[in-house]
Amino acid sequence: MAFEPKPMLPGDTFDAARRFAEASALKLARLHDPAARAAELATQWAAVLELGWAGTLVPEACGGAEGTLLDLAALAEGAGSAGLALPLAATCAVAPTLLAGQDALLADLAAGRLQPCIVLTGLSAEAGRLSGRAVGVETPPAPSHALVAAGEALYLLDLAGIGFTRHERIDGRLTLDLEVQGVPATLLHADAAALIRRARDLGALLTCVEAVAAMGTLIQQTIGYLLARQQFGAALASFQALRHRVAEMYVAYRNLTGLVQAALAEPSWQNIAFAKLRLGEAGRFVAEQAIQVHGGMGMTEELPASRLARRVLMAEFEYGDRHAQAARLLAA
Amino acid sequence: MDETAELAAFRAEVRDFALTHCPPEIRAVVAANGKLGRKHWAPWQRILHAHGWGAPSWPREYGGTGWDQRRRHIFDEVLAECDCPPQYHHGLRHIGPVLIEFGTAAQKARFLPGILNGEEWWCQGYSEPGAGSDLASLKTRAVRDGDDYVVNGQKLWTSHAHEADWMYTLVRTNTEVKRQEGITMLLIPLSTPGIRVREVRTIDSWHHVNEVFLEDVRVPAANRIGEENKGWTYGKFLLDRERLGGANVAPAFRFLERCRELVARQLAGPAHALKREQLEYRLLLAEAELRGARELGKAAVDAVMAGRPLGLMPSELKLSTADTVQRIGAIALDAVGERVATRFRPVDGSGPNAEVEDIEWVQNFMYLRAKTIFGGSNEVQKNVVAKQLFGM
Ligand SMILES: Cc1cc2nc3c(=O)[nH]c(=O)nc-3n(C[C@H](O)[C@H](O)[C@H](O)COP(=O)(O)OP(=O)(O)OC[C@H]3O[C@@H](n4cnc5c(N)ncnc54)[C@H](O)[C@@H]3O)c2cc1C
């Protein structure tokens, strides 16, 4: 029996999220036109909100599920295992962390009335007005607001009437670029530095969970391909150079899994930073090697493994890449 | 007391014990990255045993401590932090578990106490000149003669044979069958007539490994583990335990910290800024990997304690730690660089360069190359992992 990844957080939540993400990936794989992809993502996002995922961490009193970080991580792991191209970490972890204590907004978030993108860098505030340029901000298909960290303060910016351009990331997720000059925004917290750091850390942790799950599937698909593909009259899986490469990918994946599990058990910023740092190394290695051992097929968009590889590559850059994490750890 | 407080109290107890009972001259050797031999390990083992802590990894009825995985982890961690030597592996972690699992009552009674109190010293006679990675091709022959086996052949790379009392060894007892089915495990006293131990110097110029020649060596059949021709099973069980050695990453973390101090001390000042930053970054990457391995190690210890199959864990652990530790050694080599590389000296400290500060780092770097070679090389581990992953 060939390799099958074992989830860190098995159970119904994982299974449901995984099924959802697999179905999503199948539909998106057939769509190449950006507008058609965005429309499909909007349909899927509506389904995610319908399922109540946005309220996973929101208190029951605000209409949420009042779940634990592990409940959310199980969702992220299932979704990540098929590379779901929707902003789970941002909406389900970062947003509710930033909105802690703001019951009305939390209720809106859980109900899908508030659909924020998260702007952590690029904008600054003066006298309650925001200015600056934020690029590549991951976003739900139809963002209603931006939660903006400006210096140590946290603002809510209503996006109605604000122009932005849309893009697609290398992993097929939607982003926006935003440029504003002195637009008024609601101050949520003047002294939100700790809250912002925490939110960013949880975003990084959930990203690690998604990425490690994607790496598991990627290795599984790579093994499947090498078993099936024949060259020189034999399965590629019989060549030691490739077998060793896959063993190295597996060990990198297992080692990262250990770090992510440690960070889930004790989500200190250091544990998260070490996991994210290692994701930079291990994720890049697994993605690159998966592409390499697929040969020409690895270069095609059509191949599910290539799409997962792009997801893993992208994950490094969310919520602080390896150098950002290293800088933090070295400064501590 | 709640759990957390209990564990904190346990940590304090171990620390207090380590600092008051582990002889300062032994801790000084560890702190200076010095080489360890029987003269350091054995007294420490005796002290641990006298305190009831001789064998944390053994079942309680054989002298184990009955600690759970977390306590064992804390124990390893604190001892490493206090620069106590890690416990000598060949008795405690290698042949000990084999005796417990497969030994007769008489063998357990004869051998376990000497391992526990550190009075008897063991070494491993597996590898031969013609049998390295392909261990099953070993040729050292044992022929039954009355109540004895008569052993002829040669072992190679036998670590610590020159200071050991006993060698657990794999020998060939049947040449007619599939190679793995003709191997037997024997326990041989190194004082037996017909045994000659010859030093082999390693690239760190340390006397650590040996050649062991066996000529008409008579070994009582009572020193056989389990059944004749079943030695491969016991030998592999032992090798799995050996690779689980990577589960104790605490000494590696201590090594990393020492290297970090070296980098800070050696490369202070603006002239070295780029190099210092690069080495600090490489240290962080190594630390991240060790932290990942630490979790794999905890899971492996849990599995051993619950009697669950280990699967790929021993190989994962070895592959997750061996070259990381090598990388730390390489960072240290870069830190001391030319200053020390030009001052090589024998590991016993003799010669004109005995006083050069940090000189051990060069020897460490060289010694550490062995990490990916012994105990089943990294390439062999990758074969094992791939076989499982591909199902072929
Ligand atoms: C410092 C040190 C201490 C040791 N202590 C002991 C000891 O106490 N007791 C003991 O019994 N042994 C000991 N060993 C021996 C050790 O276990 C062997 O060196 C090891 O098993 C490798 O065997 P070899 O040296 O014959 O190398 P070889 O098997 O000749 O291998 C040479 C190279 O080929 C690679 N290779 C081999 N087979 C394959 C394959 N199928 N696919 C891909 N690559 C392959 C290896 O990885 C290696 O890189 C020690 C070795 C060292 C260096």
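A quick note: this is a predicted structure, and the numbers were derived from the prediction, not measured.

The rules we used
Sequence order sets the numbering: in each chain, residues are counted from 1 along the sequence as written. Here every chain gets a letter starting at A, and every ligand a number starting at 1, in the order they are written. Totals for whole chains, interfaces and linings use every residue, but because this is a predicted model, local features are given only for residues with pLDDT of at least 70 and side-chain atom pairs only at 80 or more, for both listing and counting. Here the side-chain values reflect all heavy atoms present in the structure, with hydrogen atoms and water set aside. Each helix is a run of DSSP H or I of at least 4 residues and each strand a run of E of at least 2, with the numbering of both proceeding from the N terminus. Here the globule rule reads 2.2 Å times residues to the power 0.38, and the radius of gyration is calculated from C-alpha atoms. Accessibility here uses a 1.4 Å probe with only protein chains present; expressed as a share of the type maximum, an area under 20% marks a residue as buried, one over 50% as exposed, and anything in between as partly exposed. Whether two residues are in contact is decided by their heavy atoms, any of which lying within 4.5 Å being enough. With residues, only the protein chains shown are counted as cover, and all accessible areas are computed by Shrake-Rupley using a 1.4 Å probe. The positive count covers Lys and Arg only, the negative count covers Asp and Glu only, and His and the chain ends enter neither. Charged side chains are reduced to one point each, which is NZ for Lys, CZ for Arg, CG for Asp and CD for Glu. The nearness test applies per residue and asks whether one of its heavy atoms lies within 4 Å of the molecule or strand. In the analysis that follows, any N or O atom pair within 3.5 Å is treated as a polar contact, provided that within protein one partner can donate a hydrogen and the other can accept it, and provided that, for residues neighboring in sequence, both atoms belong to side chains. For this classification, Asp, Glu, Lys and Arg are treated as charged, while Ala, Val, Leu, Ile, Met, Phe, Trp, Tyr, Cys and Pro are nonpolar and the rest, including Gly, are polar. The predictor rates its confidence in each residue with pLDDT, a number between 0 and 100. Only Phe, Tyr and Trp rings are paired, with Trp represented by its six-membered ring, and only when their centres lie within 6.5 Å; those with planes under 30 degrees apart are stacked, over 60 edge-to-face, the remainder tilted. Should the NZ of a Lys or the CZ of an Arg lie within 6 Å of a ring centre and within 35 degrees of the ring normal, that charge is described as sitting over the ring. Whether a set of points on the 1 Å grid over the protein atoms alone is a cavity depends on a 1.4 Å probe fitting there but being unable to get out, while an open set qualifies as a pocket with protein on both sides within 12 Å along at least five of seven lines; lining residues are those with an atom within 4 Å of a point. Grid points are joined across faces, edges and corners, and a volume is the space filled by probe spheres set on the points.

1. Observations concerning the overall build of chain B
Broken down by element type, chain B carries 12 helices and eight strands. Relative to its length of 392 residues, chain B is compact, with a C-alpha radius of gyration of 22 Å against a globular reference of 21 Å. Scored against the burial criterion, the 392 residues of chain B give a buried share of 56%. Long-range pairs, those at least 24 residues apart, make up 73% of the contacts in chain B with a sequence separation of at least 6. On chain B, roughly 16800 Å² of surface is accessible, and the fraction owed to carbon and sulfur atoms is 53%. Side-chain charges of chain B comprise 50 positive and 51 negative groups, with the mean position of each set lying 3 Å from the other.

2. Side note on the site of the ligand
Near the ligand lie 17 residues; those nearest to it are Gln240(A), Ser133(B), Ser159(B), Ser377(B) and Glu379(B). Chains contributing residues near the ligand are chains A and B. Between the ligand and the protein, one listed contact pairs a nitrogen atom with a side-chain N or O atom of Asn383(B) at 3.4 Å. For the ligand, the protein covers 69% of the area, taking 970 Å² as the surface of the free molecule. Along the lines of polarity and charge, the residues of the shell around the ligand split into six nonpolar, 10 polar and one charged.

3. What to know about the confidence of the model for chain B
Taken residue by residue, chain B gives an average pLDDT of 94. The fraction at 70 or more is 97%. Predicted as a complex, the structure gets a pTM of 0.96 and an ipTM equal to 0.95.

4. Concerning the packing of aromatic side chains
Any pair of aromatic rings gets described here by the distance separating the centres and the angle formed by the planes. Inspection of every chain in the model, using the stated rule, returns 21 aromatic pairs over all chains. Ring geometry for Tyr250(A) and Tyr253(A): centres 6.3 Å apart, planes at 50 degrees, overall tilted. Pair noted here: Tyr250(A) and Tyr253(A) are both in helix α7 (residues 240-265), with a separation of three residues, about one helical turn. Judged by its relative accessible area of 7%, Tyr250(A) is buried. What links up through ring pairs into an aromatic cluster is the set Phe10(B), Phe17(B), Trp44(B), Trp53(B), Trp67(B) and Phe75(B). Just above the ring of Phe237(B) sits the side chain of Arg241(B); from NZ or CZ to the centre is 4.1 Å.

5. Overview of empty space enclosed by the protein
Which parts of space are left empty comes out when a probe the size of a water molecule is rolled across the atoms. As enumerated under the stated definition, the model contains two cavities of 30 Å³ or more in all. Empty space within the largest cavity amounts to approximately 100 Å³. Put simply, the parts of the chain that give the lining of the largest cavity at least two residues each are α1 (12-29), α3 (69-81), α6 (193-228) and α7 of chain A. Broken down by element, the residue count for the lining of the largest cavity peaks at four residues, all from α6(A). Taken together, the residues of the lining of the largest cavity sort by class into seven nonpolar, four polar and three charged. In this structure, the second largest cavity encloses a volume near 80 Å³. Lining the second largest cavity are Gln45(B), Tyr88(B), Gly91(B), Leu92(B), Gly114(B), Ile115(B), Gly118(B), Glu120(B), Trp121(B) and Trp122(B).

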